Amino acid sequence: EWLKRGYVVLQTDYEGWGGSVGHRPLLDGKSNAAALTDIVTAAHRYSNQLSNEWIVVGHSEGGGAALWVAGLTQQAGGKYPLKGAIAIAPVGPGILKFMDNAVNGGVVHAQPFLSVTVLGANIVDPSIDLDKLLKAPIKPQVEAAKTQCLAPLFKLKQLQAGQYLNAGADYDKVTDFLKTAQDPSRLTMKVPVTIIQGTQDETTVTALTTKAMISSFCSRGATVEY
């Protein structure tokens with residue numbers, strides 16, 4: 001549909017995909033935003049018929065990445081000015097709520113999200129000691145998440161409440177990562193933003209946490225269509 005309307009469509013290639021490390025800096029806002037702007041720059045090397053103006057669209061982690069692009073001055077201006085962002089069920093404060101539930105003894109119904117989140121945090125902050133952070137039952141699942149996609153991870157054994165994470169200094173570092181490097185809530189949107197959220201989402205992105213993020217944007221003068 002986008003192509004029919006005259007747009008060029010570019011598909012994201014995030015940092016770490018196809019590499020030998022085994023996992024990438026998942027949920028790192030600046031890294032993901034850079035990946036999005038890099039493909040715009042690259043596209044202009046292949047064609048001189050492209051407009052310099054563009055919009056960014058993403059879902060879930062991609063939605064969070066779109067908001068990071070919209071909130072970073074160097075991405076929202078310059079040679080290829082960003083005109084707007086569309087974020088569908090974007091990650092944000094809901095991730096920390098999800099992880100806090102796990103460390104505080106709650107039941108986690110989407111365990112693979114827990115595994116890939118701690119791996120992403122560890123890539124960005126290697127001082128996080130996964131051996132101390134992870135409880136014994138979850139360690140095999142986190143190890144599997146280094147080499148497998150999400151779909152097979154959802155087939156692994158469902159663990160019980162209290163079998164996920166240990167509180168302490170290493171979890172505090174995960175919390176800091178989720179607040180400062182992952183959550184775009186603290187950013188000032190430089191362009192108009194459309195946010196689309198399912199009201200029944202109940203895992204790492206919820207209607208309540210998305211509304212909290214929108215309130216944060218609006219408090220700094222953002223133009224948001226929700």
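Since the structure is predicted, the reported quantities are computational estimates derived from the model, not experimental observations.

Cut-offs used in this document
- Residues numbered from 1 in each chain as written.
- Predicted model: local features only at pLDDT ≥ 70, side-chain atom pairs only at ≥ 80, totals over all residues.
- Heavy atoms only, no water.
- Buried < 20%, exposed > 50% of the residue type's maximum accessible area, 1.4 Å probe, protein only.
- Helix = DSSP H or I, 4+ residues; strand = E, 2+ residues; numbered from the N terminus.
- Pairing = 2+ DSSP bridges.
- Right-handed = clockwise from strand over helix to strand, strands pointing away.
- Axes fitted to C-alpha atoms, helices over the stretch in contact; angles between N-to-C directions.
- Parallel < 35°, antiparallel > 145°, perpendicular 65-115°, else oblique.
- Contact = heavy atoms within 4.5 Å.
- Nonpolar A, V, L, I, M, F, W, Y, C, P; charged D, E, K, R; others polar.
- Phe/Tyr/Trp six-rings, centres within 6.5 Å; stacked < 30°, edge-to-face > 60°.
- Polar contact = N/O pair within 3.5 Å; in protein donor to acceptor, adjacent residues only side chain to side chain.
- Left-handed = near helix turned anticlockwise from the far one by under 90°.

**Q** I would appreciate a short explanation of the pairing of strand β3 (residues 193–196) in the present structure.
**A** On a regular strand, one side chain projects to one face of the sheet and the next to the other, so that they alternate. Burial of the side chains of β3 is restricted to one face: Val193 and Ile195 are buried, whereas none of Thr194 and Ile196 on the reverse face is. Pairing geometry for strand β2 (residues 82–88) and β3, over 4 bridges, is parallel. The residue bridging isoleucine 86 from the neighbouring strand is threonine 194, located in β3. As paired elements, β3 and strand β4 (residues 224–225) share 2 bridges and run parallel to each other. Counterpart to valine 193 in the pairing with β4 is valine 224. For the crossover from β3 across helix α10 (residues 207–219) to β4, the handedness is right-handed.

**Q** What is the right way to read the sheet that holds β2 from this model?
**A** Two orientations exist for strands paired in a sheet by backbone hydrogen bonds: parallel and antiparallel. As summarised here, the arrangement of the 4 strands in space is β1-β2-β3-β4, forming an open sheet in which the pairing is parallel. Two strands close off the open sheet at either side, each with one partner strand: β1 (54–59) and β4. In the sheet, β1 pairs with β2 via 6 bridges, with the strands oriented parallel. Bridge assignment links tryptophan 54 to a residue of β2, and that residue is leucine 82.

**Q** What am I meant to see in the packing of helix α4 (residues 93–103) against helix α5 (residues 111–124) here?
**A** Between two packed helices, the angle of one axis relative to the other and the distance separating the axes together describe the packing. Direction vectors running N to C along α4 and α5 enclose 105 degrees, while the axes themselves pass 11 Å from each other. Judged by the angle between their axes, α4 and α5 are roughly perpendicular. Contacts between α4 and α5 pair Ile95, Phe98, Met99 and Ala102 from the former with Phe113, Leu114, Thr117 and Val118 from the latter. A class-by-class count of the residues in the contact of α4 with α5 yields 7 nonpolar, 1 polar and no charged.

**Q** Whenever I open this one, the packing of aromatic side chains confuses me. Can you help?
**A** For any pair of aromatic rings, the description rests on two quantities: the centre-to-centre distance and the angle between the ring planes. On inspection of all chains with the given rule, the structure shows 3 aromatic pairs. Aromatic pair tyrosine 14 and tryptophan 17: ring centres 5.2 Å apart, planes at 80 degrees, arrangement edge-to-face. When its relative accessible area of 10% is taken as the criterion, tyrosine 14 is described as buried. With centroids separated by 5.7 Å and ring planes inclined at 85 degrees, the aromatic side chains of phenylalanine 113 and phenylalanine 154 adopt a geometry described as edge-to-face. Placement of phenylalanine 113 in helix α5 and of phenylalanine 154 in the loop between α8 (150–153) and α9 (169–182) is noted, with a sequence separation of 41 residues between them.

**Q** Just checking my understanding: could you explain the side chain of histidine 44 for this structure?
**A** Here histidine 44 lies in helix α1 (residues 29–44). Within the structure, histidine 44 has its side chain in polar contact with the backbone oxygen of serine 51 (distance 3.4 Å). In this view, histidine 44 contacts Leu50, Ser51, Asn52 and Tyr80; residues no more than four positions away in its chain are not counted.

**Q** In this structure, what is going on with the packing of α4 against α9? I would like to understand it.
**A** Relative orientation of the contacting elements α4 and α9 amounts to 170 degrees, with a least axis distance of 10 Å. The orientation of α4 with respect to α9, classified from their angle, is roughly antiparallel. As α4 runs across α9, the sense of the crossing is left-handed. Within the contact between the two elements, α4 uses Ile95, Leu96, Met99, Asp100 and Val103 and α9 uses Tyr171, Val174, Thr175, Leu178, Lys179 and Gln182. Of the residues assigned to the contact of α4 with α9, the class counts are 7 nonpolar, 2 polar and 2 charged.

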